[in-house]
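Fold and geometry: a report
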Amino acid sequence: MNKIPFATDFTRQDGNEELWYQVFQLGHPVLARKQRLYAMLPGRDRCKMCYAPLNGFGGWLAKRLGLEPSNRNPLFCNACDGFLQAFPGGAEVDLAIMFCDLRGSVELSSGMSPKEFKDLIVTMRETIIPALWRSEGFVLQFQGDSIIGVWPPGFSGPDYAKKAVDAGFRISELLNTLTINGRKVPVGISIHAGRAYLGTVASVGNDLQEVSAFGYDVNVAARLSDAATVGEVLISEAAFTAAGRLEDAVDMQSFDLKGMNAAVRAGHLTRR
Ligand SMILES: [Zn+2]
């Protein structure tokens, strides 16, 4: 399976670097104000960028403010989709990255009906994605049985890495208590921190845009999630350091990850 968080039919778009550097590294005051306001409205499904609720009562309220799900990009509101369309591009920024991967999906899918498997994926997404929003993470374009969140400081604040680590702990707790059709949702989680190019990607014909991440540290996070077993939250030394939690790290060991030019040290956190 392609573990990298961008599908091959999406093409990276360059440009508007200063603007995206402000959004993801420094913080954009207009977006920050919207996020604070919209996060107070009730809602389960939210715009990935500004957190405007997209359905239910919160969605009804948001519609009074002129916001509704974009026809083109249903995971964004119409305003944020307009922004992606008007300002394609991205910038290299600091960030924390989390991969949540369904473990043993081939065996799982062979032991249940396609509908049961779909329900399991939907439940996994509905559990993890709201937890990412609540921790001020940004959900990247996801595919199949992986969910990828990023915490860039402009979007998530100066304690972005701490928020990512807290989110990993929270998601792990949520998944531990969750059963669907009598079985647990087996997920392994990795968290890493570093730098990546965060920016828009467009589908063929430019009829769909998303935000994706590119770079060595994204691949480290992806490979580290391969090493995480069911229920495990594997946190890299770089993520512990960025979160200011290195003294709380336990079980630290070196991982030789496929395709990476140096071993990556990672371990666990025993308490929040
Ligand atoms: Zn929005």
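Structure shown above.
Residues numbered from 1 in each chain as written. Predicted model: local features only at pLDDT ≥ 70, side-chain atom pairs only at ≥ 80, totals over all residues.

Phi is positive for Tyr51, close to 65°, though the residue is something other than glycine. Note on placement: Tyr51 falls in the loop between α2 (29-38) and α3 (56-64). A positive phi angle, close to 65°, is found at Glu136, a residue other than glycine. Considering the arrangement of structural elements, one finds Glu136 in the loop between α6 (114-134) and β3 (138-139). (Helix = DSSP H or I, 4+ residues; strand = E, 2+ residues; numbered from the N terminus.)

Further remarks concern the pairing of strand β9 (residues 233-236). Alternating positions in β9 separate into two faces, Val233 and Ile235 on one and Leu234 and Ser236 on the other, with burial throughout. By the bridge criterion, three bridges tie strand β7 (residues 187-203) to β9 in an arrangement that is parallel. Residue Ser190 lies in a different strand from β9, and its bridge partner there is Leu234. In terms of strand pairing, β9 meets strand β11 (residues 264-269) through two bridges, oriented antiparallel. Residue pairing for β11: Ile235 is matched across the bridge by Gly267. (Buried ≥ 20, exposed ≤ 12 C-beta atoms within 10 Å, placed from the backbone. Pairing = 2+ DSSP bridges.)

What follows is about helix α1 (residues 17-26). Of all the positions in α1, only Trp20, Val23 and Phe24 are classed as buried. One side of α1 holds all its buried residues, which, seen down the axis, span an arc of 75°. In this fold, the buried residues of α1 make contact with α2, β2 (90-102), α7 (153-156) and β7. Of the residues one or two after α1, Gly27 is the one with positive phi, at around 100°. (Arc of directions from axis to C-beta. Contact = placed C-beta atoms within 7 Å.)

Working note: a packed helix pair is described by the angle between its axes plus the distance between those axes. Remark: α6 packs on helix α8 (residues 160-176), axes separated minimally by 10 Å, with the N-to-C direction vectors making an angle of 150°. By the angle between their directions, the pair α6 and α8 is classed as roughly antiparallel. Crossing geometry of α6 relative to α8 is assigned as right-handed. Residues Thr127, Ile128, Ala131 and Leu132 of α6 pack against Ala167, Arg170, Ile171, Leu174 and Leu175 of α8. Along the lines of polarity and charge, the residues of the contact of α6 with α8 split into seven nonpolar, one polar and one charged. (Axes fitted to C-alpha atoms, helices over the stretch in contact; angles between N-to-C directions. Parallel < 35°, antiparallel > 145°, perpendicular 65-115°, else oblique. Left-handed = near helix turned anticlockwise from the far one by under 90°. Nonpolar A, V, L, I, M, F, W, Y, C, P; charged D, E, K, R; others polar.)

Where a protein is soluble and globular, its nonpolar side chains tend to be buried together. Ranked by internal contacts, the top residues of the largest apolar core, which has 76 residues, are Ala96, Ala161, Ala164, Ile189 and Ala239. No other element matches β2, which puts nine residues into this core. (Core = buried A, V, L, I, M, F, W, Y, C linked by C-beta atoms within 7 Å.)

Mapped onto the elements of the fold, Val230 is located in the loop between α9 (216-227) and β9. With 126 residues separating them in the primary sequence, Val230 and Gly104 have C-alpha atoms 9.2 Å apart. Contact partners of Val230, with chain neighbours within four places excluded, come to Arg103, Pro186, Val187 and Gly188.

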